Amino acid sequence: MDGSDQTDALFSDALLSMIRDMSDSELHDVAEIVRQAQIERAVGSGDEDAIIANAFETAFGRDGLGVLPWVEGNVVVCPGGMVSKSKASHRCRFVSVDDTWIWESHLLLREDKRSSPGTDEGFRAVALLPLVDGTGLDVVTGKARQGQHSVDHVVSYEIRAGELVEVSQRTVQQRH
């Protein structure tokens, strides 16, 4: 171990000791400060226009729905969309953030929407979230028929140590 590694290890040990000695209230305050710092880095680190433009070119499958989210720099790129054949029937895939639709999430940095290309009605959207540890994401794929909406599949992720980690997948069986 060189001097830099020893200094890093000593700092980590001292920080861990200090954190363990904190009250619950102080721990909550530190967690909020860390979350805010992660949001600020995400906002200041990337070219949102370029990330979104690239996502509109690459993040949608042949079915017109968004692919699964990914990390780019300090943001999570979350494509979503809806494709409808008629007013009463559509397919969709959107992201939910900590049990709130992404467009309603307090973490949403930016979301751009565009009409879907081709003959089908609908739209595509690309949303950016800050890379905040502990955030949970669900990619929900569903459909509507005769005005009744149903969920077909859910892929769940959690942001851990700056990475998007898949934690579960489930197919929802419809009752007829």
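Throughout what follows, the structure given in this document is the object of discussion. (Residues numbered from 1 in each chain as written. Predicted model: local features only at pLDDT ≥ 70, side-chain atom pairs only at ≥ 80, totals over all residues. Heavy atoms only, no water.)

1. Quick look at helix H3 (residues 48-58)
And step 1. Buried residues of H3: Glu48, Ile51, Ile52, Ala55 and Phe56, and no others. Seen end-on, H3 carries its buried residues on one side only, within an arc spanning 130°. (Buried < 20%, exposed > 50% of the residue type's maximum accessible area, 1.4 Å probe, protein only. Helix = DSSP H or I, 4+ residues; strand = E, 2+ residues; numbered from the N terminus. Arc of directions from axis to C-beta.)

2. Details of the pairing of strand S3 (residues 89-97)
And step 1. Taken across its nine residues, S3 has seven buried, putting it largely inside the fold.
And step 2. The loop that links strand S2 (residues 75-86) with its antiparallel partner S3 comprises two residues.
And step 3. With eight bridges joining them, S3 and strand S7 (residues 136-145) adopt antiparallel strand pairing. Note that in S7 the partner of Arg93 across the bridge is Thr141.
And step 4. Where S3 and strand S4 (residues 100-101) come together, two bridges link them in antiparallel fashion. Within S4, the residue paired with Ser96 across the bridge is Trp101.
And step 5. Counted between consecutive antiparallel strands, the loop separating S3 from S4 contains two residues, among which Asp98 sits at a positive phi close to 50°. (Pairing = 2+ DSSP bridges.)

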